[in-house]
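Chain by chain, the residues run as shown.
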Amino acid sequence: MATRTTRRITLGLLAPALALGATVGLAAAPASAAVWNSCDQWGSTILNGYTLYNNIWGSGAGSQCVWANSGTNWGVWANHPDTGGIKSYPNAKKVINKPITSLSSLTSSYHVTVPSAGAYNTSYDIWDTDHDYEIMLWVNKTGAVGPLGTSQGNVTLGGHTWTVYKGNNGANEVFSFVRTANSTSGTVNILPVLKWIKDTKGWFGNETIGDVQFGYEITSSSGGLDFVTDNLTVSGG
């Protein structure tokens, strides 16, 4: 789990230096007519104000393709081997770029269709602009996956009850909020989570929130599995 941060900070900037190359796998997007699809390792596009990113970053990765009907309706087909270590984090990103105290609201609604097999989590990944802090909100998980750090107990925030983990991957602090029961749809009020970290725990100050990402942190999906974001909205400011 210690490498989970570096692949998102660097995004496509490291692509030329990586041995996996520009294209990973030859699997096709779903038969339905998507407006965009890509099997490129760092395939990316912008739709409706969301940046979609295939983001195959981990060692030992297999094939993965992302498709999108819009910035809020998209999915991934992934065939990663049944080995340890995170292989990818396909996601949709909304840029916020506001300090916490300047935010009047920050919410997101999600509805996903995810497989019962494999090893993965469905999660928000929230970054400050300096990439000093990573806040993950796991709404569901399957298989042998777990967050970085040590448990800080449970807390109810933003409409959900989470087990909180605090850790450091060598590059930045990581605060993971793992929902105590799996969910495939709901609304998360993100701002109270950020204020709890800042005001109640004092783990960071008035950070400027850069990105809110939502996607699938996939460790294994042997044989090929589908992950579908039926709907996603991120709003606030």
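Going by the structure above, here's the rest.
Undergrad: Where do I start with the overall build of the protein in this structure?
TA: Along the backbone of the protein there are two helices and 15 strands. Every one of the 237 residues in the protein was classed for burial, and the buried ones make up 53%. Counting only contacts in the protein whose residues sit at least 6 apart along the sequence, the fraction spanning at least 24 positions is 68%. Element-wise, carbon and sulfur atoms account for 50% of the exposed surface of the protein, whose accessible area totals about 9,100 Å².

Undergrad: I would appreciate a short explanation of the pattern of salt bridges in the present structure.
TA: Any two side chains of opposite charge can pair, given that their charged atoms come close. As enumerated under the stated definition, the model contains two salt bridges in all. K93 is the partner of D211 in a salt bridge, and the nearest nitrogen-oxygen pair spans 3.9 Å. Here D211, found in strand 14 (residues 208-220), pairs with K93, found in strand 6 (residues 91-99); they are 118 residues apart in sequence, far enough to count as distant. With a relative accessible area of 14%, D211 lands in the buried category. Among the salt bridges present, the one from K198 reaches D199, with a minimum N-O distance of 2.7 Å. A residue is classified by how much of its surface remains accessible, and K198, at 19% relative accessible area, is buried.

Undergrad: It is not clear to me how the state of the cysteines should be interpreted in this structure. Could you clarify?
TA: In protein chemistry, a disulfide is the covalent bond that joins the sulfur atoms of two cysteines. Considering all chains together, one arrives at one disulfide under this definition. Here C39 connects covalently by a disulfide to C65, the sulfurs 2.0 Å from one another. Judged by the sign of its S-S torsion, about 105°, the cystine formed by C39 and C65 is right-handed. A residue pair is termed long-range when its members are at least 10 positions apart, and C39 in the loop between strand 1 (36-38) and strand 2 (44-47) and C65 in strand 4 (residues 63-70) qualify at 26 residues. Owing to a relative accessible area of 17%, C39 belongs among the buried residues under this scheme.

Undergrad: Looking at this structure, how should I read the environment of S185?
TA: Relative to the helices and strands, S185 resides in strand 13 (residues 185-189). Here the alpha-carbon distance between S185 and H111, two residues 74 residues apart in the chain, equals 4.2 Å. Contact partners of S185, with chain neighbours within four places excluded, come to Y110 and H111.

Undergrad: Would you mind going over the pairing of strand 2 with me for this structure?
TA: Both faces of the sheet carry side chains from a regular strand, because those side chains alternate between them. Alternating positions in strand 2 separate cleanly, T45 and L47 being buried on one face and S44 and I46 remaining unburied on the opposite face. For strand 2 and strand 3 (residues 50-53), the ladder comprises four bridges, and the chain directions are antiparallel. Note that in strand 3 the partner of L47 across the bridge is Y50. Following strand 2, the chain reverses through two residues before pairing antiparallel with strand 3; N48 in that reversal takes a positive phi of roughly 55°.

So, how was this worked out
- Residues numbered from 1 in each chain as written.
- Predicted model: local features only at pLDDT ≥ 70, side-chain atom pairs only at ≥ 80, totals over all residues.
- Heavy atoms only, no water.
- Helix = DSSP H or I, 4+ residues; strand = E, 2+ residues; numbered from the N terminus.
- Buried < 20%, exposed > 50% of the residue type's maximum accessible area, 1.4 Å probe, protein only.
- Contact = heavy atoms within 4.5 Å.
- Areas by Shrake-Rupley, 256 points an atom, 1.4 Å probe, with all protein chains shown as cover.
- Salt bridge = Lys/Arg side-chain N within 4 Å of Asp/Glu carboxyl O.
- Disulfide = S-S within 2.5 Å.
- Pairing = 2+ DSSP bridges.

Spatial relationships are all this shows, so hold off on functional conclusions.
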